Amino acid sequence: MNKSLYIGLMSGTSLDAIDVALCRFTEKDTSIIEFQALPLPEQIQSEISTFSHSKEINIELLAALDIKLGRLFSEAALGILKSTSYDRTDIAAIGSHGQTIRHKPKSAETTFPFSLQIGDPNTIAETTGITTIADFRRRDIAAGGEGAPLVPAFHQAVFSSEKLRRAIVNIGGFANVTLLDGNRLAGGFDTGPGNSLLDGWIMQHLAQPFDSNGDWAGGGKVNEDLLSGLLSEEYFLKKEPKSTGKELFNIEWLNTKLQKLGKDIPKQNVQSTLSELTAKSIRMAISDFNAHEVYICGGGAHNTDLFDRLRKHFAPTKVESIEKLGFEADHIEAAAFAWLSYRTLHGLTCNSPISTGASGDRILGAIFQA
Ligand SMILES: Nc1ncnc2c1ncn2[C@@H]1O[C@H](COP(=O)(O)OP(=O)(O)OP(=O)(O)O)[C@@H](O)[C@H]1O
Ligand SMILES: [Mg+2]
């Protein structure tokens, strides 16, 4: 197998876009050659949201959405080839994360832990003519892990530095950290909400999909009572390995906390408090690690207000965008799934049990041949 090009497809919980990264992986080189973000059509966003929230699901609609997303993912993969000089025959594999519909890792209340991603990989392999690797999370869950986060092994491969303790923080819908002690992976877990509550609150009150640069949050004032109410959630105190999602941290969760407080807090101050919640929960989660350097990736890297709060909490430790290490903040997650497909295609493990809690190293995903 001597092809070295891989395509990673990632559609996260924010439902903003399908991220596509065309990457080159060899033993010596990891590079992102091209990146595109294909916005998710509103209709699809709303269908995904419905399935993510509703308790009762129409199985036919869900199965149809699986195919619709498979076609969209195929379009996204073919789109990136079109804008480069590469042909499908140049690509070793596509690594497709899929769209998470529900993530229920092990807990006292769950007898049958699972993580469900859709976006039919058969359709992707058939439409693109490229071998497609998907379903990365479930083997790790079967091995007793959380199935998440899966990016720490990629962060370790690309961002570790022999003499430094580095924390890599991805702020998507939810936030996850990777702790790198020199070249060793010291940990990796979800810290809690990233942008999801910020997006949800501003959508509810200003009908905007996200708080551009964090301007709305930045103009308000943190409500300390609300902040401590939110931080009292058990998840923040739980020991890792741990992973989370919309099943816990959603607008209903926030509304319940607000009701409990029984005060009428100005909407903008709630937004500021949510921004502070993301920053503070990240800081608290990794305070024992004593990082020399903290790097931010994911869409949250564009939120100036959030970034300022992180800098304040970590001072005097420097907090920088991952751009300092030569990669764009938005490219990392999709590149990680391209890399996971590279590992699987070569029969290599990549679940990093120290972060997922699985009982051992596993090769992840299923291969759908071209
Ligand atoms: N200019 C900006 N200002 C403020 N927030 C931004 C800006 N650009 C992006 N974002 C935030 O980033 C989010 C998208 O981030 P990203 O794509 O990393 O998350 P995701 O799709 O949930 O991915 P994943 O689950 O893989 O981490 C948006 O929903 C928004 O909240
Ligand atoms: Mg996204």
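Predicted model only: the values in this text are computed from it and were never measured.

Asker: Quick one: what's the story with the site of ligand 1, residue by residue and with numbers?
Answerer: Close to ligand 1 lie 21 residues, the nearest being Ser14, Gly173, Asp199, Asn213 and Gly299. Between ligand 1 and the protein, one listed contact pairs an oxygen atom with a side-chain N or O atom of Asp199 at 2.6 Å. In isolation ligand 1 exposes 640 Å². Once the protein is present, 87% of that is buried. When grouped by side-chain class, the residues that make up the shell around ligand 1 number 3 nonpolar, 14 polar and 4 charged.

Asker: Explain the sheet that holds strand β11 (residues 318–321) residue by residue, including any values.
Answerer: Here 5 strands make up an open sheet; going across it, the order is β9-β8-β7-β10-β11 and the pairing mixed. Each edge of the open sheet is held by one strand with a lone partner, namely β9 (184–193) and β11. Across the sheet, the axes of successive neighbouring strands diverge by a mean angle of 20°, strand direction being ignored. In the sheet, strand β8 (residues 174–181) pairs with β9 via 8 bridges, with the strands oriented antiparallel. Opposite Asn176, over in β9, you have Asp190 as the bridge partner. Together, β7 (165–171), β8 and β9 form the strand contacts of helix α11 (residues 267–285), whose direction differs from that of β9 by roughly 150°.

Asker: Describe the environment of Asp19, naming the residues involved and giving the relevant values.
Answerer: One can find Asp19 in strand β2 (residues 17–25). Once the C-alpha coordinates of Asp19 and Ile141 are considered, the two residues, 122 residues apart in sequence, prove to be 25 Å apart.

Asker: Before we move on, can you summarise the packing of helix α1 (residues 42–53) against helix α2 (residues 59–82) with the specific residues and values?
Answerer: Interaxial distance between α1 and α2 falls to 11 Å at its minimum, and their mutual angle equals 135°. Judged by the inter-axis angle, α1 sits oblique to α2. Once α1 is placed against α2, the crossing between them reads as left-handed. Where α1 approaches α2, its residues Ile44, Glu47, Ile48 and Phe51 are matched on the opposing element by Leu61, Leu62, Leu65, Lys68, Leu69 and Leu72. For the contact of α1 with α2, the residue count by class is 8 nonpolar, no polar and 2 charged.

Asker: How would you summarise the packing of aromatic side chains if you had to cite specific residues and measurements?
Answerer: In the structure shown here, the tally under the stated rule is 9 aromatic pairs. Ring centres of Phe25 and Tyr342 lie 5.5 Å apart, and the angle between their planes is 40°; on these two criteria the pair is classed as tilted. Taken together, the positions of Phe25 in strand β2 and Tyr342 in helix α13 (residues 332–345) put the pair 317 residues apart, joining distant regions of the chain. Here Phe25 matches Tyr342 in class, with each residue buried. Ring pairing ties together the aromatic residues Tyr235, Phe236, Phe249 and Trp253, which thus form one cluster. The positively charged end of Arg165 is found above the aromatic ring belonging to Phe289, 4.3 Å away from the centroid. Above the ring of Tyr235, the side-chain terminus of Lys242 is found at 4.5 Å from the ring centroid.

Reading the values: rules and limits
Residues numbered from 1 in each chain as written. Chains lettered and ligands numbered in written order. Predicted model: local features only at pLDDT ≥ 70, side-chain atom pairs only at ≥ 80, totals over all residues. Heavy atoms only, no water. Near = heavy atom within 4 Å. Polar contact = N/O pair within 3.5 Å; in protein donor to acceptor, adjacent residues only side chain to side chain. Areas by Shrake-Rupley, 256 points an atom, 1.4 Å probe, with all protein chains shown as cover. Nonpolar A, V, L, I, M, F, W, Y, C, P; charged D, E, K, R; others polar. Pairing = 2+ DSSP bridges. Helix = DSSP H or I, 4+ residues; strand = E, 2+ residues; numbered from the N terminus. Axes fitted to C-alpha atoms, helices over the stretch in contact; angles between N-to-C directions. Contact = heavy atoms within 4.5 Å. Parallel < 35°, antiparallel > 145°, perpendicular 65-115°, else oblique. Left-handed = near helix turned anticlockwise from the far one by under 90°. Phe/Tyr/Trp six-rings, centres within 6.5 Å; stacked < 30°, edge-to-face > 60°. Buried < 20%, exposed > 50% of the residue type's maximum accessible area, 1.4 Å probe, protein only. Lys NZ or Arg CZ within 6 Å of the ring centre and 35° of its normal.

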